[in-house]
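An overview of the molecular structure
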Protein chains: 2
Amino acid sequence: MWEPQLVSHCSKVPRNVNLEKLRSGYLFPEISRHEAEHLQENPDASLIRLGIGDTTHPIPDTITLAMAEHVRGLSTIQGYRGYGAEQGNMALRKAIAGKIYQDMGIKADEILYRTEHNATFLAYSCFWDPMLPWLYKTHLSLVIVGQAGELEEETGKYGNIIYMNCGPENNFFPNLWAIPRTDVIFFCSPNNPTGHAASRQQLKQLVEFAKANGSIIVYDSAYAGYIRDGSPRSIFEIPGAKEVAIEISSFSKFAGFTGVRLGWTVVPEELKYSNGFPVIKDLNRIVCTCFNGASSIAQAGGLACLSTDGYQALCNVIDYYMENAKILVDGFKSLDLNVYGGKNAPYIWVHFPGLNSWDVFSDFLKKTNIVTVPGRGFGPAGEENIRISAFGQREHILEASRRLKLYL
Amino acid sequence: MWEPQLVSHCSKVPRNVNLEKLRSGYLFPEISRHEAEHLQENPDASLIRLGIGDTTHPIPDTITLAMAEHVRGLSTIQGYRGYGAEQGNMALRKAIAGKIYQDMGIKADEILYRTEHNATFLAYSCFWDPMLPWLYKTHLSLVIVGQAGELEEETGKYGNIIYMNCGPENNFFPNLWAIPRTDVIFFCSPNNPTGHAASRQQLKQLVEFAKANGSIIVYDSAYAGYIRDGSPRSIFEIPGAKEVAIEISSFSKFAGFTGVRLGWTVVPEELKYSNGFPVIKDLNRIVCTCFNGASSIAQAGGLACLSTDGYQALCNVIDYYMENAKILVDGFKSLDLNVYGGKNAPYIWVHFPGLNSWDVFSDFLKKTNIVTVPGRGFGPAGEENIRISAFGQREHILEASRRLKLYL
């Protein structure tokens, strides 16, 4: 008896062509796959994960107590709150303005809270031609919304993006005057992955360059709390920056909120489109229309982070991570390797001239059971490097340092 | 002495032309403005807010206890967690599959968690021509990403959107066969604002229509927990829906999580683009690349909502709101008004033939001190109606009902 072949139904909706331009999986799932394979071949291996750069230290009590109190209040008539202000509670906006941006003249109204990824929020506006120094997720978000242009298979670069190489050869700062104009300049300091914090002089150049070109800087300061050497913790420490920059930051690495989810964006009133319209008005509208604000619980935690006690406790946690970084930097240096970062950021960047970064990654994993991140994962300019995260319990960091010296 | 005039710097970045197509402010801030004006003129007015449709009842203890326990655990080495899975914890994905979609064959892998607004997540993919029956925020998100087309000033409609009018004249379900094909059909049941839950027969028609046209249904079931009359609580109760539908839902109205922020999206493996590629693969990639998942605290709460105790406690809260709805419906009916909704949703929709909905809104506010929502705020088809929310403390609902009878 003849049976009709089962042909499954397909919609007539075409796939977003931009998604077809994405290559390979997202970096960290890819690393996890390598990890899993390694563990399958070496079931007894004791892995030390210095890869993804996730915070590991418990959140100080004073902060989780504030969140728990808020949460339990939601079970009372007096304490129950539903929708909050889409831009974040005014108390929290004021606390950021006062504590993080004191003396920079940033107003509470210029601060918008978020949970979603930085890049998503901005890519959502999708009105800019970008230039960026390897901001991994920003990169991919721009591809998806069609702003990145065509992929050049050979180089792995996208046609509408200007790549600014930052390495030891230029003190991790691009030669701006050799770069064509773009609408937007993405800049991250302290930098992920290199761990370099831009100096005041470098940032002055960046602001001048943006002003001369009429560009907007999107400045990612997620690691500002790790700066130790007096480099600026905000682009708004630079005179004139308010007319040319948006700053994007987060409680993730500052307060161990990678799972709690809370971030903010500063858009000064002085920042204007070419027609004179203030950018803050549009981004405020986008926040109110397209996002419904961050969790009220996370916001209660954010407020506690900025209290005197909370802030001090967080500084102690950051000191702990930075001591980790020092141990790792010393370990690599003792091997005569080219080591960067680790002084103003929890990331260490190690250069292996002429080597493929995935090969170095695999070699590390095989010989030391330490998980790192291949530099290539951050973009074409990351090749020949690996990134090591200083997040971790001290005992693991010390053990990692021991293994480095023993097996490399 | 001549002084140069201060000319402020403008960037050379053009404004996103799509943002120029948005008209007037977002609905609820607009309503708040009217409220504030009314209070200024009538400082002693005792307002009853049945506008925005925000939950008001405390969250059951069992759920906030689970969240508080999770939060406090973040202060311990054993309990600390950083980044979670971008799609949500597997335990929570399994709980939704088992509890909300039992007998519908939805797999945990087909469920993606979110915090951001439904529409944002989908508009981010920006690859669809839409058709929608007044989904307010979806509407505006599509405008911003440029999918809505040009605004026709006269009608307030956008050129690339087909509007499906749903009212008492068609039992709140469009005449599908009179509608041109679109890539995507946005459909919300129980409907916000009309409070109508589509019948099984109506949803079968919808699925057939989508299948015949090769369209994708984006089905918003945020109010499914309020259905009382046996109407489907999910599009996936309809045979064949997996090949044509995405379902979008939320803990906001089901669990009073409007401030806690937690939602989910179901994308069946069977749903495919015209080229046969599964849609879930792209949306999974977008979630992993562009969003970093929902707050782990909210997720701990979500899991508690789906426990036996938590679920029962939430059903009791919903019963409370639905008793509110009954009181309000009875109040309006006693005035001989055309009243809809309130049976399967916490919204009541009242028709005032020939009247301007903002006028009705203002009249209500002036005469009764009750805040409602003018139907026009939900789109052109909402004119002549107002929406009343049944969220509120019982005493306020009873007082509102009393005022209706007294002043109208």
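Conventions and cut-offs
Residues numbered from 1 in each chain as written. Chains lettered and ligands numbered in written order. Predicted model: local features only at pLDDT ≥ 70, side-chain atom pairs only at ≥ 80, totals over all residues. Heavy atoms only, no water. Helix = DSSP H or I, 4+ residues; strand = E, 2+ residues; numbered from the N terminus. Rg over C-alpha atoms; globule rule 2.2 N^0.38 Å. Buried < 20%, exposed > 50% of the residue type's maximum accessible area, 1.4 Å probe, protein only. Contact = heavy atoms within 4.5 Å. Areas by Shrake-Rupley, 256 points an atom, 1.4 Å probe, with all protein chains shown as cover. Lys, Arg positive; Asp, Glu negative; His and termini not counted. Charge placed at Lys NZ, Arg CZ, Asp CG, Glu CD. UniProt positions renumbered as here; feature names shortened; annotations may be inferred. Polar contact = N/O pair within 3.5 Å; in protein donor to acceptor, adjacent residues only side chain to side chain. Least-squares fit on C-alpha atoms with pLDDT ≥ 70 in both. Domains from an automatic or database assignment. Buried area = accessible area lost by both parts, 1.4 Å probe. Salt bridge = Lys/Arg side-chain N within 4 Å of Asp/Glu carboxyl O. Nonpolar A, V, L, I, M, F, W, Y, C, P; charged D, E, K, R; others polar. Phe/Tyr/Trp six-rings, centres within 6.5 Å; stacked < 30°, edge-to-face > 60°. Lys NZ or Arg CZ within 6 Å of the ring centre and 35° of its normal. Pairing = 2+ DSSP bridges. Axes fitted to C-alpha atoms, helices over the stretch in contact; angles between N-to-C directions.

Re the overall build of chain A
Looking only at helices and strands, chain A has 12 helices and 15 strands in total. For 408 residues, the compact-globule estimate of 2.2 N^0.38 gives 22 Å, and chain A sits close to it at 22 Å. For chain A, the spread of C-alpha atoms along the three principal axes comes to 70 × 60 × 55 Å. Taken over 408 residues, chain A has a buried fraction of 62%. Partitioning the intrachain contacts of chain A with sequence separation of at least 6 by distance along the chain shows that 71% fall at a separation of at least 24. Surface accessibility of chain A: about 15,400 Å² in total, with carbon and sulfur atoms responsible for 50%. Within chain A, the 42 negative side-chain charges are centred at a point lying 4 Å from the centre of the 38 positive side-chain charges.

Description of the UniProt feature "domain: Aminotransferase class I/classII large" (unreviewed entry) in chain A
Mapped onto this numbering, the UniProt entry annotates "domain: Aminotransferase class I/classII large" (unreviewed entry) at residues 181-402 of chain A. With 39% helix and 17% strand, residues 181-402 of chain A has end C-alpha atoms that lie 47 Å from one another.

Topic: the side chain of Asn191 of chain A
All names here are of chain A. Note on placement: Asn191 falls in the loop between β7 (184-188) and α6 (200-213). One polar contact links the side chain of Asn191 to the main-chain carbonyl oxygen of Cys188, over a distance of 3.2 Å. In this structure Asn191 touches His196 and Tyr347, once residues within four positions along its chain are discounted.

Focus on the environment of Pro380 of chain B
Residue and element names in this part refer to chain B. Structurally, the position occupied by Pro380 is in the loop between β14 (373-374) and β15 (385-389). By relative accessible area, which is 17% here, Pro380 ends up buried. Through-space distance from the C-alpha of Pro380 to that of Asp229 is 29 Å; in sequence the pair is 151 residues apart. Once residues within four sequence positions are removed from consideration, Pro380 is found in contact with Thr155, Gly156, Lys157 and Tyr163.

Some points on the relation of the copies chain A and chain B
The transform that puts chain A on chain B rotates by 180 degrees and translates by 0.0 Å along the axis, for an RMSD of 0.0 Å. Expressed as a symmetry operation, the mapping of one chain copy onto the other fits a two-fold axis. Residue Ala68 of chain A, judged by its C-alpha, is the member of chain A lying nearest the rotation axis, at 2.3 Å. Of the residues that chain A buries at the interface, 100% are likewise interface residues in chain B, meaning the two copies contact each other through the same surface.

Some words on the domain arrangement of chain A
Residues and elements named next belong to chain A. If you check the domain split of chain A, you get domain 1 (23-58 + 310-407) and domain 2 (61-307). Look at where the C-alpha atoms of domain 1 and domain 2 centre, and you get two points 25 Å apart. Taken together, the contact between domain 1 and domain 2 spans 31 residues of the former and 41 residues of the latter. Here domain 1 and domain 2 share an interface that buries about 3,000 Å² over both sides, 63% of which is from carbon and sulfur atoms. At the boundary of domain 1 and domain 2, one finds one salt bridge.

Things to note about the interface of chain A and chain B
On the chain B side, the residues contacting the 93 residues of chain A number 93 residues. For the pair chain A and chain B, the two sides together bury roughly 7,800 Å², of which 58% comes from carbon and sulfur. Run the count over chain A and chain B and you get four salt bridges. Residue Asp61 of chain B is joined to Arg72 of chain A by a salt bridge in which the shortest nitrogen-to-oxygen separation is 2.8 Å. Broken down by secondary-structure element, the contributors of at least two residues to the side of chain A that touches chain B are α2 (61-73), α4 (118-123), α5 (136-144), α6, α8 (279-290) and α9 (296-305) of chain A. Considering each element in turn, the side of chain A that touches chain B owes the most residues, seven residues, to α2 of chain A. A class-by-class count of the residues in the side of chain A that touches chain B yields 39 nonpolar, 34 polar and 20 charged.

Digging into the packing of aromatic side chains
Remark: the centre distance and the inter-plane angle together describe each pair of aromatic rings, the angle taken between the planes. Tallied over the entire structure, the rule returns 40 aromatic pairs over all chains. The interplanar angle of 40 degrees and the centroid separation of 5.9 Å between the aromatic rings of Phe251 of chain B and Phe254 of chain B together place this pair among those described as tilted. Taken individually, Phe251 of chain B and Phe254 of chain B each receive the classification buried, so the pair is uniform in this respect. Their ring planes at 85 degrees and their centres at 6.2 Å tell us that Tyr347 of chain B and Phe391 of chain B sit as a pair that is edge-to-face. With a gap of 44 residues between them, Tyr347 of chain B in strand β12 (residues 347-351) and Phe391 of chain B in the loop between β15 and α12 (394-407) connect regions that are remote in the sequence. Owing to a relative accessible area of 2%, Phe391 of chain B belongs among the buried residues under this scheme. An aromatic cluster is built from Tyr223, Tyr226, Tyr320, Tyr321, Tyr347 and Phe391 of chain A, whose rings are joined through pairwise contacts. Above the ring of Phe277 of chain B, the side-chain terminus of Arg15 of chain A is found at 3.9 Å from the ring centroid.

Details of the pairing of strand β10 (residues 263-266) of chain B
Residue and element names in this part refer to chain B. Side-chain alternation along β10 places Gly263 and Thr265 on one buried face and Trp264 and Val266 on a second face that is also buried. As judged from the four bridges shared by strand β2 (residues 111-114) and β10, these two strands associate in the antiparallel manner. By the bridge assignment for β10, Ile111 is matched with Val266. In terms of strand pairing, strand β9 (residues 245-250) meets β10 through four bridges, oriented antiparallel. Across the sheet, Ser249 pairs through a bridge with Trp264, a residue of β10.

What about the side chain of Arg261 of chain B?
Examined against the element boundaries, Arg261 of chain B turns out to sit in the loop between α7 (252-255) and β10. Buried within the structure, Arg261 of chain B lacks any salt-bridge partner; its nearest side chain of opposite charge belongs to Asp54 of chain B, at an N-O separation of 7.9 Å. Looking at Arg261 of chain B, its side chain comes within polar contact range of the main-chain oxygen of Thr258 of chain B, at 2.8 Å. Not counting the four nearest positions on each side in its chain, Arg261 of chain B is found in contact with Tyr83, Asn292, Gly293, Ala294 and Ser295 of chain A together with Thr115, Ser252 and Ala298 of chain B.

Let's talk about the pairing of strand β12 (residues 347-351) of chain A
Residues and elements named next belong to chain A. With respect to burial, β12 is a largely interior element, five of its five residues being buried. Pairing of strand β11 (residues 338-341) with β12 involves four bridges; the strand directions are antiparallel. Its bridge partner lying in β12, Gly341 is registered against Ile348. In textbook terms, the turn of a hairpin is the stretch between consecutive antiparallel strands, and for β11 and β12 this stretch comprises five residues, one of which, Gly342, has a positive phi near 80 degrees. Sheet topology note: the β12/strand β15 (residues 385-389) ladder contains five bridges and is antiparallel. Counterpart to Tyr347 in the pairing with β15 is Ser389.

A few points about unusual backbone geometry
Across residues other than glycine, the phi torsion is negative in most instances, and most of the peptide bonds are trans. Look at the link from Ser189 of chain A to Pro190 of chain A: it is a cis peptide, with omega at -5 degrees. Assignment of secondary structure puts Pro190 of chain A in the loop between β7 and α6. The residue Asp103 of chain B is not glycine, and still its phi comes out positive at about 70 degrees. By the secondary structure assignment, Asp103 of chain B is in the loop between α3 (90-99) and β2. Given the relative accessible area of 78%, Asp103 of chain B is considered exposed.

A look at the sheet that holds β11 of chain A
Residues and elements named next belong to chain A. Taken together, four strands build an open sheet; the order of strands is β11-β12-β15-β14 and the sheet is antiparallel. Where the open sheet ends on each side, the last strands, each with one partner, are β11 and β14 (373-374). Pairing geometry for β14 and β15, over two bridges, is antiparallel. Looking across to β15, one finds that Pro374 is bridged to Ile386. Packed onto the sheet, helix α10 (residues 308-333) meets β11, β12 and β15 and runs at close to 10 degrees relative to β12. Along the sheet, helix α11 (residues 357-368) contacts β14 and β15; its crossing angle with β15, the most-contacted strand, is approximately 45 degrees.

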